[in-house]
Amino acid sequence: MSRLILGIETSCDDTSVAVVRGDTEHTDVLSLVSQNSEKLLSRWGGVVPEIAAREHVKLLSPLIEVALKDAGVSIESIQEIAVTSAPGLIGALLTGLNAGKTLAWLHEWPITPVPHLWAHLEAIHLTEKVSYPYLGLLVSGGHTLTVKMTSPSDVEVLGQTLDDAAGEAFDKGGKLMGLGYPAGRLIDEHAQKGDEKKYAFPISYLRDRPGKMSFSGLKTSVRVFLENNPNAPIPDVCASYQAAIVKTLVEKTDEVRKLHNLSSLPVVIGGGVACNSKLRSEFTKRFKNVHFVAPKYCTDNAAMIAHWALRSPSSRVEFPACLSLDAKSRLVEKPKAHA
Ligand code: KG4
Ligand code: ZN
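S.K.: In this structure, what is going on with the overall build of the protein? I would like to understand it.
M.R.: A count of helices and strands for the protein gives 11 helices and 10 strands. Computed over its C-alpha atoms, the radius of gyration of the protein comes to 20 Å, within 12% of the 20 Å expected for a compact globule of 339 residues. Considering only C-alpha atoms, the protein reaches an extent of 60 × 45 × 35 Å along its principal axes. At a minimum sequence separation of 6, the contacts of the protein that also span at least 24 residues come to 74%. For the protein, the exposed surface amounts to about 14600 Å²; the carbon and sulfur share of it is 52%. Treating the 37 positive side-chain charges of the protein as one cloud and the 37 negative ones as another, the clouds have centres 5 Å apart.

S.K.: It is not clear to me how the site of ligand 1 should be interpreted in this structure. Could you clarify?
M.R.: Near ligand 1 lie 20 residues; those nearest to it are Gly141, Asp171, Gly272, Asn276 and Asp300. Measuring from an oxygen atom of ligand 1, one finds a side-chain N or O atom of His120 at 3.3 Å. In isolation ligand 1 offers 560 Å² of accessible surface; the protein chains occlude 89% of this area. Only helix H4 (116-122), helix H5 (166-176) and helix H6 (184-191) provide two or more residues apiece to the shell around ligand 1. Among the residues forming the shell around ligand 1, the class breakdown is five nonpolar, 11 polar and four charged.

S.K.: Please explain the coordination of the zinc ion (ligand 2) as it appears in this structure.
M.R.: Around a metal, the idealised angle for a tetrahedral arrangement of four donor atoms is 109.5 degrees; for an octahedral arrangement of six donor atoms it is 90 or 180 degrees. The protein atoms donating to the zinc ion (ligand 2) are His116 (NE2), His120 (NE2) and Asp300 (OD), with metal-donor distances spanning 2.0 to 2.1 Å. The coordination sphere of the zinc ion (ligand 2) comprises four donor atoms, whose angles at the metal cover 95 to 137°; the geometry is irregular. Ordering the donors of the zinc ion (ligand 2) by residue number gives the pattern H-x3-H-x179-D. Taken together, the residues span a long stretch of sequence, with His120 in helix H4 and Asp300 in the loop between helix H10 (295-298) and helix H11 (302-311) at a distance of 180 residues. Considered together, His120 and Asp300 belong to a single accessibility category, that of buried residues.

S.K.: How should I be thinking about the sheet that holds strand S5 (residues 111-115) in this particular structure?
M.R.: Adjacent strands of a sheet form backbone hydrogen bonds with each other and so pair up, either parallel or antiparallel. Spatial ordering of the open sheet is given by S3-S2-S1-S4-S5, a layout of five strands whose pairing is mixed. With one partner strand each, in any of the chains shown, strand S3 (27-36) and S5 form the two edges of the open sheet. If you compare each strand with its neighbour and ignore which way they point, the axes differ by 20° on average. Pairing between strand S2 (residues 14-22) and S3: nine bridges, direction antiparallel. Within S3, the residue paired with Ser16 across the bridge is Ser34. Running over the sheet, helix H2 (residues 49-71) touches strand S1 (3-9), S2 and S3 and is turned about 30° from S2. Running over the sheet, helix H3 (residues 90-107) touches S1, strand S4 (80-86) and S5 and is turned about 155° from S4.

S.K.: Where do I start with the packing of aromatic side chains in this structure?
M.R.: The geometry of an aromatic ring pair comes down to the distance between the two centres and the angle between the two planes. The tally for this structure, following the rule as stated, stands at five aromatic pairs. Seen from their ring centres, Tyr132 and Tyr134 are 5.8 Å apart, and the 15° between their planes marks the pair as stacked. Judged by relative accessible area, Tyr134 falls into the buried class, the value being 0%. Both rings, one in Phe201 and one in Phe225, keep their centres 5.4 Å apart while their planes meet at 80°; by these two values the pair is edge-to-face. With Phe201 in the loop between H6 and helix H7 (216-228) and Phe225 in helix H7, this residue pair connects regions lying 24 residues apart in the sequence. In this structure Phe201 comes out as buried when scored by relative accessible area, which is 10%.

Definitions and limits used
- Residues numbered from 1 in each chain as written.
- Chains lettered and ligands numbered in written order.
- Predicted model: local features only at pLDDT ≥ 70, side-chain atom pairs only at ≥ 80, totals over all residues.
- Heavy atoms only, no water.
- Helix = DSSP H or I, 4+ residues; strand = E, 2+ residues; numbered from the N terminus.
- Rg over C-alpha atoms; globule rule 2.2 N^0.38 Å.
- Contact = heavy atoms within 4.5 Å.
- Areas by Shrake-Rupley, 256 points an atom, 1.4 Å probe, with all protein chains shown as cover.
- Lys, Arg positive; Asp, Glu negative; His and termini not counted.
- Charge placed at Lys NZ, Arg CZ, Asp CG, Glu CD.
- Near = heavy atom within 4 Å.
- Polar contact = N/O pair within 3.5 Å; in protein donor to acceptor, adjacent residues only side chain to side chain.
- Nonpolar A, V, L, I, M, F, W, Y, C, P; charged D, E, K, R; others polar.
- Donors = N, O, S within 2.8 Å, 3.2 Å for Na, K, Ca; no water.
- Tetrahedral: all angles 85-135°; square planar, octahedral: opposite > 155°, others 65-115°.
- Buried < 20%, exposed > 50% of the residue type's maximum accessible area, 1.4 Å probe, protein only.
- Pairing = 2+ DSSP bridges.
- Axes fitted to C-alpha atoms, helices over the stretch in contact; angles between N-to-C directions.
- Phe/Tyr/Trp six-rings, centres within 6.5 Å; stacked < 30°, edge-to-face > 60°.

Now the structure itself:
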């Protein structure tokens, strides 16, 4: 049965609203409007949780209006709402969830609380069909995880970073290089003019901890390198640094695939860092059956949130029980660095 859903995403610094129509097998994105507060946040060199939350409060109402207008539907025709409930910055999550609850209360709508991480990977089905189970690599600003996805909500975490996420490695490395925030896209662009073999940055293979990844040593090594080589050409530094991050991701995904005998499964890659051109070319070389979420659905967006709700009708919480839903800053426990 076709459903018309309003989606809201506010887990970090993107305020995003979408209207989608469809069922468990097919989603039409009728509208998607997003506003990023990165320009404002770049003054502080990164996300300030309180400022990000206040921006969501300002932006949500106008964006909902624009999303409905772009979709050509009235608010009365919406049947349910989907809101990111975990993980994320708690203040930022609460702005979206409370906006959703207010609308649910006014219109007596059910709400689907959406796990942001799985929505990133499931966004693959917005543009192509991939069968379950698949091996997922989620690479974003806040998370780096390998998982076995058996359904939209049946997820087994196979590996994850012990410290920084891959996107954080891009952003913090870029800050040290004097690039803006967020730096992932800028490093990608500079790297295209650079020589990745010029400098050898260290890779943490953590061979005794299969699946576990670490990017903090790499960040320290670029800091020390830049102190000692202040005039090193930025394109070469970017290309070499990016190559080390991507190599870590390729090796660690392959390690998990072999360790758990998942070589026959398709590989799906999503999250903001999945936009990276080097990542796309290296994974395509190493894995035969690899699928990348379309770039417009890689970074945080409400289409993937509403899409996840369409695919997971059993997660919907009916009115008025949905008014008691809560947000959570964590979805997956972080492993202990020295366990
Ligand atoms: O998924 P996302 O929008 O937010 C989180 O859920 O964290 O990912 C944002 C991250 C940032 O760290 C940004 O630098 C990175 O994605 N990113 C990229 C590229 N485009 C965005 N990293 C590397 N190369 C890119 N082209
Ligand atoms: Zn995200």
